[in-house]
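Observations on the three-dimensional arrangement
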Amino acid sequence: MSEKKLSEKLLYAPKHGYDRLSEVERKEMNEYCEDYKLFLDRGKTERQCVEYCIELAEKQGFVEYVPNMALKAGDKVYCNNRGKGIMLAIIGSESLAKGANIAAAHTDAPRLDLKPRPLYEEAEMAYFKTHHYGGIRKYQWVTVPLELHGVVTLADGSTVELHVGGKPSDPQFIINDLLPHLGREQAKKPLGEAIPSESLNILVGSEPVTDEEEKSRFKLGVLQYLYDTYGIVEEDFISAELEAVPAYCARDVGFDRSFISAYGHDDRVCAYAELAALFALDKPARTAVCIFADKEEIGSEGVSGMQSEAFDKFLYLTSFFSRFCTPFFATFAKQQISVDGFLRDSVKVWLHRFPPNPSWKAVLQGRAQNFFKFSLAPYNTADGRIAKRGERKF
């Protein structure tokens, strides 16, 4: 065998991705990218990603999971985690004892969040104070127009959604910066220090109320607009969750349109890919799960992050094991049988039926007991109904 043939046989010769594609695959790729761009435009925040995901999922036959729902192979369900995360599953024909195919991505992205008391005025202009969420390059945020999205909880308990800046007719927002001839001292500073975090305040208005004696004329002018339009008063900002994000849509880049410029690629590029893959399935052997998680940019904390028990809860409730145990939970609630004793026995049965590696036995036993306690929490009423308990509700 010649050296050339030997190298062809033994050596790995990587090919450019475009060289691997047929014309049909190129067309499919471009169609996928157009759908992905729409996903980016509709999902500027994690809340909007969840809303659009539900819209797409329901068109694909998914329904919202409710406790005690009877599930069979091929069923498509989703669980909305407080409007900021979502989990979807197609039930497989095999039990979870044989595993599951799980894909997860986060849909939060670096942004500017409004502070609890954000509105102030200075130099005859009104501003919102912000703090940055996740790691940002501060100098970039003084060069782009901004949109404002989020929810405000009013004093009567109702919520109001704000979406300003995304439509062509909407106003947009900016962060002031110095002119070049006024920013010589600023230009001498290192890149990471030239724009302090405290200066990332959003300009929101400059038209005062007509009363010239009013001390906060410009701040009050903005509040008057917010009250007339949304019913918002200043105290409502304390219970608001408002996010400022770049105000531009996904666009193709390059003469050949081979790149996409958009806000939020990290990690929505993975979120949309896993969602599209789930939609392409019919009746998988293994249960297939898709997760949109929140709070990754700040450590996956909180009830909507991956460190919560939301995923454990969802997988348990959609598994064969929950459908076996749920009737027993209801029976125990009716007869007021000791839960702690049942949990200890359940852990022992689980370990006996699926014996783990000995080094993991203690870890699994403790994990399983906590897991069963959390799963049992809703089944605590005298007639076996699902009871809401604190923040642990789905």
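These numbers were taken from a predicted model, which means no experiment stands behind them.

Calculation rules
Residues numbered from 1 in each chain as written. Predicted model: local features only at pLDDT ≥ 70, side-chain atom pairs only at ≥ 80, totals over all residues. Heavy atoms only, no water. Core = buried A, V, L, I, M, F, W, Y, C linked by side-chain atoms within 4.5 Å. Buried < 20%, exposed > 50% of the residue type's maximum accessible area, 1.4 Å probe, protein only. Helix = DSSP H or I, 4+ residues; strand = E, 2+ residues; numbered from the N terminus. Contact = heavy atoms within 4.5 Å. Phe/Tyr/Trp six-rings, centres within 6.5 Å; stacked < 30°, edge-to-face > 60°. Lys NZ or Arg CZ within 6 Å of the ring centre and 35° of its normal. Pairing = 2+ DSSP bridges. Axes fitted to C-alpha atoms, helices over the stretch in contact; angles between N-to-C directions.

Brief notes about the nonpolar core
In this structure, Phe128, Ile175, Ile202 and Val204 are the most contacted members of the largest nonpolar core, which totals 28 residues. The set of elements that each furnish at least two residues to this core consists of β5 (111-122), β6 (125-133), β7 (146-153), β8 (159-164), β10 (202-205), α5 (217-230) and β11 (240-246). The residues contacting Ile202, other than those within four sequence positions of it, are Leu114, Ala126, Tyr127, Phe128, Thr130, Leu146, Phe173, Ile174, Ile175 and Ala244. Ranked by size, the runner-up nonpolar core spans 26 residues in total, among them Tyr78, Ala262, Ala271 and Ala288.

With respect to the packing of aromatic side chains
Applying the stated criterion to the full structure yields 8 aromatic pairs. Three or more aromatic residues link up through ring pairs in this structure, and these residues are Tyr32, Tyr36, Phe39, Tyr52, Tyr272 and Phe292. One Lys or Arg, Arg111, reaches over the ring of Tyr133 and ends 3.7 Å from the middle of that ring. Above the face of the Tyr120 ring, Lys129 is positioned so that its terminal group lies 5.4 Å from the ring centre.

Concerning the sheet that holds strand β3 (residues 85-90)
Strand order in this open sheet of 5 strands is β1-β2-β3-β14-β4, and the pairing throughout is mixed. A single partner strand is all that each edge strand has here, and the edge strands are β1 (63-64) and β4 (100-106). On the sheet, helix α3 (residues 46-59) packs against β2 (76-81), β3 and β14 (287-293) and is oriented at approximately 20 degrees with respect to β3.

Side note on the sheet that holds β11
Backbone-to-backbone hydrogen bonds join strands into a sheet, with any given pair of strands oriented parallel or antiparallel. Taking strand neighbours across the sheet as the criterion, the 7 strands line up as β8-β7-β11-β5-β6-β10-β9 in an open arrangement whose pairing is antiparallel. Only two strands of the sheet have a single partner each, and these edge strands are β8 and β9 (174-175). Of the pairings in the sheet, the one linking β9 to β10 comprises 2 bridges and is antiparallel in character. Its bridge partner lying in β10, Ile175 is registered against Ile202. The strands that α5 touches are β5, β6, β8 and β10; relative to β5, the one it contacts most, it runs at about 125 degrees.

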